[in-house]
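Coordinate inspection notes
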Amino acid sequence: MEKHVVVIGAGPAGLETSASLSKLGFRVTLVEKEEATGGHLKKWHALFPTLLSGKDALESITKELNSTIKIQTATKITGLEAVNDYFTISGHNGWQEKADAVVLTTGFQLFDSHRKEEYGYGIYENVITSADLEELFASGKEFVNRHGNKPERVGFVHCVGSRDEKVNNLHCSKVCCITAVKQAIEVKQLLPDAEIFCFYMDLRMFGRHYEELYKEAQEKYNIQFIRGRLSESTEDHEGNIVVKVEDTLLGKPLRIKVGLLVLMAGMEPRAGTKSLTTMLGLKNVPDGFIQPVDEVLRSNFTEIPGVFVAGTCSGPKSVSDTLADARSAALAVADYLKS
Amino acid sequence: MEKKPKNFGYSVTRDRQIDFDANNHDICKIVTKAEPTLNLCISCGSCAATCTAGQFTDFSLRQVILLLRRGETKDLDKEVSKCMLCGKCQLVCPRNVSTRNLVIQISKALCDNRMSAS
Amino acid sequence: MTFDLFVLPFFIGLLFLLGVLVVKYSRWIAMMDASDRVKAGMALFSFSLLKTIKEIFMESLLHRRMFKRNPLLGFMHMSFALGWLLLIVMGNLESRVYSGGHINPPYYPIFLKFFIHDKRVLPFEIFTLPGFFRFIMDLILLFVLSGLVLALFKRTRSKWFGLKRTTVHNSFDKWAITSLWLIFPMRLLAESFTAGIYKGGGFLTNTLGSFFNLIFPLEYLAYPAWWAYSFMLGIFFVTLPWSRFMHIPTEVILIFLRNAGIEQGKYPGSFSEIEINSCPRCGVCIDVCQMNQAGLTGSTAVYFIRSLRDQQTDVQLNSNCMMCGRCLEACPVGIDTLGLRVGARRVDNKGIISDFSYLMKQPLIKKKTEVVYFAGCMGHLTPGVKRAMLQIFEKAGIGYTFLDEDGSICCGRPLKLAGMQEAALKLVSENTVKIKNTGAKILVTSCPICYKVFNNDYKLEGITVMHHSVFIDNLVKEGKLILRPSALKAVYHDPCELGRGSGIYEQPRNVLKQIAEVSDVAEERANSLCCGGSIGDLAMNAIQRNVIRDNALNILCQSRPDVLVTACPLCKKTFDSGNTIVVKDIAELVADNMEPNKLQLHAAELIDQQCVIS
Ligand SMILES: Cc1cc2nc3c(=O)[nH]c(=O)nc-3n(C[C@H](O)[C@H](O)[C@H](O)COP(=O)(O)OP(=O)(O)OC[C@H]3O[C@@H](n4cnc5c(N)ncnc54)[C@H](O)[C@@H]3O)c2cc1C
Ligand code: SF4
Ligand code: SF4
Ligand code: SF4
Ligand code: SF4
Ligand code: SF4
Ligand code: SF4
């Protein structure tokens, strides 16, 4: 009989895993809690490092899905249990399936920047997040701040909600440094007269052509990089944001006014993922992401045979990392089901 | 190892180099023992950016930590004496360094050092 | 017969104890500031003495505060203290009556039943019951013994006494308590044996004596029993000055000095010595201390105070304490545990230099307004609170000066709590100049830490200091601010420095009740928990603080509220980092739920009309 795999979460990871599994000859059901598939990717206007349009990227990933894959959207998982050598999965809407293997591709959640109150998100109008900025880019509207002005200066704050034990996130979100560089360039393209500043602790340009993009940001766009983590921001009477950092390379405190401040919100494990892992009996680890049995050699395997993991639910990844991880998970599943 | 006479002040011949080998590293050891979170600092500068004392004077806890770790302890007591212990730094530190206790422990270690020297 | 060798252990023990007490007390008196000595001298002849006597009766004997905490615990302590005193007083009366009014040696009443086996009905007993004293003395002994039984139960069933954890005593205290506990059973045995031989005694000793007589050769046992009784008394008296029972003679002095208006000095001194010696190590302060949750039971007040008494102070112990005041609130003796902790830190941190000379060139704010607002250092990390306050000022039409808009000078309380009083005073004087220069009548602050120090340590004649919750409550009462009810379910957290520290419990609740449905919390008002973020503590690490925070959040959120409301930027930030519930300052909730008042409505209408026209 044709073996059946249930993939939970239809972001880039879930879509790619499903397509690959289907190509390998398995029957696949892809479950998504939202109305639409695509995960975070549907919100991104353009992707680093090539500025490939997010929409196009999602389209080409989705194109690989074939009609035998059953896509079960708007379904919240309420039950997930290992029974002998198969799994039973049920949704809030009465949907129910048996599966020979399960792949968890539930992704990440964007850090809620309200939690860094001292940065002023939700308090000062001209403090926005990187996700808000993508939305602004995608809308195609004129680039103005919330006061309707073209900002003369734009600041990007790295590591918001990442590398910060005050919000219980020690991990680095990996993609936000390069995203900041990408977004800084895009802003500069829209506002050639604006001055752009990135406030960083470390610049983590880990991928191919990321360092090049960083260099381009310096060379072509004159983007300024200031090494110092924001402590707090205030608002002046004109609605500008006054930022406080230490210019750590100079060893001096620095105050600077910007018309728009963009917070590079990090990736967090989803709250909902924890309830799935709890149903399965997987152990929770301090950082909250799903823990594979071995991060180096068996990154798609969990402690429970038949339960696999792919994409950002097991730690921050870029889209290309995510897709590769998804294909690798499909092979791991195939290996498991054929033996 | 003999200690090189150091030239402070503003003369052009001022030794710009950190003479790591000649420096006194005992104070750092004492402080680290008393407040182990010293080692967790990643020099992000948030403490200095938010610092209540830092608004009025040249004082950076981040720099103090680095100087201590390099054994550059001369004049460090003057630096830490500027702290008001207000605790803002502790509230913003992303690495949960116990900054207030750190300041106290540095002051104490330097004070003890002064006492034993005199 | 008025003497026997067996009284010697008791007698020598007693003389020794008195000798030691005289030495100790003289030292304490000598250590006192001259002015305190004068105060104490005057108090001996003033009405405060009556107050002292009443307090000694209520607290040292009846143990009123213990009763309030837990009736069983109160009864246990009362039966020992009051019972023993009654034994002594009645015993003395009894001995006088039986010896025809002579003045007797001090041991005589204690061992009266050894010396006198009188079964006469005394003349006055015609009016009472025959054998009045025998009956009364047995009754009192039974009363004391009931306390002993409870004390034994407390070992294994401490929960019945309202205590989850009890003090772990050192071996010296164990010796002392063993001798104390044995005193009364020994007395019972000695008196019963003697009663059995002579067919005397009251309802208890007589019955027991007759019974023992049936099975034991009492004529051999009685004498050793008196020796044993005397020995136990002797051992107890000799160990007392070094054991926790030193509190018995010292607490009385403490109450007297407190009523004389004497306070802890800056450095550990006479008064704090007396406080330290007044702690019976009852352990009431252990359970209430949240440091338990962080595995720091060893730093709770009782052990800290013991370390001071044993002169084994330890920096870690001195530094670990959130200064939340829960122990102070609970302590039946009223020992200023926080003051002692600060005192110990003063010694620890004596050598630390502070130099704020850089503050000299501070520009002064020129604007003159009725109200001056001080957000405080922490307030700058909670811009939501700052913004809310400014919106409230605007809405209520209050002209204000934002004193620390561009950053504060710390109020000085953190330094004070770290035992660095002189450094704190420098900041106090800097801020005082700045505040006074504004010429304002009301100083509003958002930080309870600032509030407390402004109130207690600043000399701001002519300026009323208000925490923003009080200021808002006033605005609402005066009709300057109209609040709109919402569907929110809220709980209120009393910040330590605002509630226990400054006694402000009702005003924030008054305000909150107009906006949200407020549920009660298991531990609130004077029993409110510390959020764990306290700047009072110097040494706790983040993991320990987080445990305390999460436990507090658990209790606060039991009723599943929509929002946790507090009135302190530090509490807000601390609870916020727990990421379990929406946390708001009372000012933010007010700013979100203000009705425009009439004037503003009118202005808004005008603007609308203009918009329509243009
Ligand atoms: C600001 C920002 C910008 C970025 N820009 C780029 C970029 O330019 N280039 C790049 O390569 N990467 C970028 N990334 C990274 C990229 O977003 C991720 O690599 C990618 O989204 C990961 O895909 P995923 O499928 O693992 O997770 P997600 O995109 O989060 O998808 C997970 C899916 O699972 C669903 N799901 C979750 N839980 C359940 C459940 N319990 N039941 C059912 N369904 C569930 C979710 O609804 C979602 O559809 C960016 C990230 C951020 C934060
Ligand atoms: S990728 Fe960069 S911005 Fe993002 S968490 Fe890591 S260091 Fe910070
Ligand atoms: S505690 Fe000291 S170092 Fe930290 S912010 Fe306050 S003044 Fe600065
Ligand atoms: S905030 Fe913390 S990590 Fe950053 S420099 Fe200061 S002490 Fe170091
Ligand atoms: S400090 Fe108070 S509560 Fe604590 S043991 Fe002593 S007397 Fe009891
Ligand atoms: S003040 Fe608070 S933390 Fe300190 S000992 Fe008392 S109860 Fe414990
Ligand atoms: S009490 Fe707190 S907020 Fe107020 S000035 Fe001092 S540290 Fe700052």
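Residues numbered from 1 in each chain as written. Chains lettered and ligands numbered in written order. Predicted model: local features only at pLDDT ≥ 70, side-chain atom pairs only at ≥ 80, totals over all residues. Heavy atoms only, no water.

Quick look at the nonpolar core
Inside soluble globular proteins, nonpolar side chains tend to come together where they are buried. Residues I392, F454, L481 and V590 of chain C are the most contacted members of the largest nonpolar core, which totals 133 residues. Here this core gets six residues from one element, more than from any other, and that element is helix α6 (residues 99-117) of chain B. Not counting the four nearest positions on each side in its chain, V590 of chain C is found in contact with I392, I472, L481, L483, V511 and I515 of chain C. Counting 86 residues, the second-largest nonpolar core is a separate cluster that includes M90, M137, F236 and F304 of chain C. (Core = buried A, V, L, I, M, F, W, Y, C linked by side-chain atoms within 4.5 Å. Buried < 20%, exposed > 50% of the residue type's maximum accessible area, 1.4 Å probe, protein only. Helix = DSSP H or I, 4+ residues; strand = E, 2+ residues; numbered from the N terminus. Contact = heavy atoms within 4.5 Å.)

Considerations on the packing of aromatic side chains
All names here are of chain A. Tallied over the entire structure, the rule returns 46 aromatic pairs over all chains. Centroid distance Y214 to F225: 4.9 Å. Interplanar angle 80 degrees. Geometry classified as edge-to-face. Taken as a pair, Y214 in helix α5 (residues 210-219) and F225 in strand β14 (residues 224-227) lie far apart in primary sequence, 11 residues in all. Note on accessibility: Y214 and F225 belong to one class, buried. (Phe/Tyr/Trp six-rings, centres within 6.5 Å; stacked < 30°, edge-to-face > 60°.)

Notes on the sheet that holds strand β6 (residues 77-83) of chain A
Residues and elements named next belong to chain A. The strand order across the open sheet formed by three strands is β6-β7-β8, and the pairing between neighbours is antiparallel. Edge positions in the sheet fall to β6 and β8 (96-99), since each has one partner strand and no second. Taking each pair of neighbouring strands and ignoring which way they run, the sheet shows an average axis angle of 15 degrees. The pairing of β6 with strand β7 (residues 86-91) spans six bridges and is antiparallel. (Pairing = 2+ DSSP bridges. Axes fitted to C-alpha atoms, helices over the stretch in contact; angles between N-to-C directions.)

Overview of unusual backbone geometry
The phi torsion of most residues other than glycine is negative, and most of the peptide bonds are trans. Residue and element names in this part refer to chain A. Here F48 and P49 are connected by a cis peptide whose omega angle stands at -10 degrees. Mapping P49 onto the fold places it in the loop between β3 (46-47) and β4 (52-53). Positioned with a positive phi, R163 is a non-glycine residue whose angle comes to about 50 degrees. As for its placement among the helices and strands, R163 is situated in the loop between β12 (153-160) and α4 (176-190).

So, the site of ligand 7
Taken together, C86 of chain B together with G376, C377, M378, C410, C411, P414, C447, I449 and C450 of chain C form the complete shell of residues around ligand 7. Of the residues that constitute the shell around ligand 7, the class distribution is nine nonpolar, one polar and no charged. (Near = heavy atom within 4 Å. Nonpolar A, V, L, I, M, F, W, Y, C, P; charged D, E, K, R; others polar.)

Side note on the packing of helix α9 (residues 171-198) of chain C against helix α10 (residues 203-215) of chain C
Residue and element names in this part refer to chain C. Viewed as axis vectors pointing N to C, α9 and α10 meet at an angle of 70 degrees, and their least axial separation amounts to 7 Å. For the element pair α9 / α10, the angle class is roughly perpendicular. Here α9 runs over α10; the crossing is right-handed. Facing α9, whose interface residues are L188, L189, E191, S192, F193, A195 and G196, α10 presents L204, T205, N206, L208, G209, S210, F212 and N213. (Parallel < 35°, antiparallel > 145°, perpendicular 65-115°, else oblique. Left-handed = near helix turned anticlockwise from the far one by under 90°.)

Digging into the site of ligand 4
All names here are of chain B. Close contacts around ligand 4 come from C41, I42, S43, C44, G45, S46, C47, R62, I65, C93, P94 and V97, and that covers them all. Where the shell around ligand 4 is concerned, the elements lending two or more residues are α2 (46-50) and α3 (61-70). Class assignment of the residues belonging to the shell around ligand 4 gives a composition of eight nonpolar, three polar and one charged.

Notes on the domain arrangement of chain A
A common way to state how big an interface is: give the accessible area lost once the parts meet. All names here are of chain A. Domain boundaries assigned for chain A yield domain 1 (4-107 + 270-338) and domain 2 (113-267). On a C-alpha basis, the centroid separation for the pair domain 1 and domain 2 is 31 Å. Facing 14 residues of domain 1, the contacting portion of domain 2 comprises 19 residues. Both faces considered, domain 1 and domain 2 share a buried interface measuring about 1400 Å² in area, 69% of it formed by carbon and sulfur atoms. Counting every contact that joins domain 1 to domain 2 gives one salt bridge. Across the pair D321 and K174 runs a salt bridge, and its minimum N-O distance is 3.3 Å. Inspection of the region where domain 1 meets domain 2 yields four residue pairs in polar contact (both at pLDDT 80 or more). (Domains from an automatic or database assignment. Buried area = accessible area lost by both parts, 1.4 Å probe. Salt bridge = Lys/Arg side-chain N within 4 Å of Asp/Glu carboxyl O. Polar contact = N/O pair within 3.5 Å; in protein donor to acceptor, adjacent residues only side chain to side chain.)

Remarks on the sheet that holds strand β7 (residues 517-518) of chain C
All names here are of chain C. Pairing is parallel in the open sheet, where four strands are placed in the order β7-β6-β8-β9. What marks the edges here is a single partner per strand, and that holds for β7 and β9 (582-585). Relative to β9, strand β8 (residues 563-566) is paired through four bridges, and the arrangement is parallel. Looking at the pairing, T566 lines up with D585 of β9. The strands touched by helix α26 (residues 569-578) are β8 and β9; relative to β9, the strand with the most contacts, the crossing angle is about 175 degrees.

Quick word on the pattern of salt bridges
Residue and element names in this part refer to chain C. Going through the model one piece at a time under the given rule, you end up with 49 salt bridges over all chains. Salt-bridge contacts for D473 lead to K477; the nearest nitrogen and oxygen are separated by 2.8 Å. Taken together, the residues D473 and K477, both in helix α23 (residues 468-477) and four residues apart, mark about one turn of the helix. Residue D473 is classed as buried on the basis of its relative accessible area, which comes to 3%. The class for K477 is exposed, based on a relative accessible area of 61%. Of the charged contacts in the structure, one is a salt bridge between E524 and R509, with a shortest N-O distance of 3.3 Å. Remark: R509 occurs in helix α24 (residues 506-513) and E524 occurs in the loop between β7 and α25 (542-556); sequence separation between them is 15 residues.

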